[in-house]
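Letter by letter, the chains look like this.
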Amino acid sequence: MTEKKVVIITGSARGIGSACMRLFARHCYAAVGLDLLAEGQTVADEIQKEGRTALFQTCDGANEAQVADCVGQAVKKFGPVDVLVNNAVHCEDPDTIFTTSAGSLDRYYAVNIRGTVLLIHEFIRRYRQRQGSW
């Protein structure tokens, strides 16, 4: 286990999430990326090649058991999580009132709301467990 601070970033496979991974790693954080897309491993590999600390885990943030497992693995490897960046987002394409369906709404809420809240819940649960100070 290192003395580095630990950050978990969702939606880390590309875009803003992968940029956050790189930025936090450059600022000496152990950067843990979570995403449904396996290409997030490439981002973690690139960070590690620079001599920095990164881990990628495929994770469905809307799945409570996966969230707990992924956070647990990050804690086991690097220590307590200091920062949570909820970056994962889902939007159907095209996203109009004419294309909206129950399925598209379910996917939207699963990622944008359920996944976000489950990760916050797990982060706070572990934070309180280790008696972190606000």
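If you're wondering where the values come from, they're calculated on a predicted model, not measured in any experiment.

Parameters and conventions
- Residues numbered from 1 in each chain as written.
- Predicted model: local features only at pLDDT ≥ 70, side-chain atom pairs only at ≥ 80, totals over all residues.
- Heavy atoms only, no water.
- Disulfide = S-S within 2.5 Å.
- Buried < 20%, exposed > 50% of the residue type's maximum accessible area, 1.4 Å probe, protein only.
- Helix = DSSP H or I, 4+ residues; strand = E, 2+ residues; numbered from the N terminus.
- Expected span 1.5 Å × (residues − 1).
- Arc of directions from axis to C-beta.
- Contact = heavy atoms within 4.5 Å.
- Core = buried A, V, L, I, M, F, W, Y, C linked by side-chain atoms within 4.5 Å.

Peer 1: Sorry, what's going on with the state of the cysteines here?
Peer 2: In protein structure, a disulfide is the covalent linkage between the sulfur atoms of two cysteines. Per the stated rule, a full pass over the model turns up 0 disulfides. C70 provides the cysteine sulfur closest to C59, a residue in no disulfide bond, and the two sulfurs are 3.6 Å apart. When its relative accessible area of 5% is taken as the criterion, C59 is described as buried.

Peer 1: When you look at helix α1 (residues 15–26) in this model, what are you seeing that I'm missing?
Peer 2: An α-helical segment advances 3.6 residues per turn. Residues three or four places apart therefore align on the same side. Here α1 contains 12 residues, and its C-alpha end-to-end distance of 17 Å stays within 8% of the 16 Å for a straight helix at 1.5 Å per residue. Of the positions making up α1, those classed as buried are G17, S18, C20, M21, F24 and A25. One face of α1 carries all of its buried residues, which in axial projection span an arc of 155 degrees. Of the exposed residues in α1, the ones pointing more than 90 degrees away from its buried face are G15 and I16. Residues of α1 that are buried sit in contact with β1 (5–10), β2 (29–35), α2 (40–49), β3 (54–58) and β4 (83–85). Residue C28 follows α1 closely and has a positive phi angle near 65 degrees.

Peer 1: What am I meant to see in the nonpolar core here?
Peer 2: It is characteristic of soluble globular proteins that their nonpolar side chains tend to be buried jointly. Counting 16 residues, the largest nonpolar core has I8, V32 and L34 as the members making the most contacts within it. Contributing elements (two or more residues each) for this core: β1, β2, α3 (64–78) and α4 (102–129). Broken down by element, this core gets its largest block of residues, 5 residues, from α3. Contacts of I8, omitting those with residues within four sequence positions, involve V32, L34, V71, A74, V81, V83, L84 and V85. I9, M21, F24 and Y29 belong to the second largest nonpolar core, which has 14 residues in total.

Function-wise, these values are silent; they only describe arrangement.
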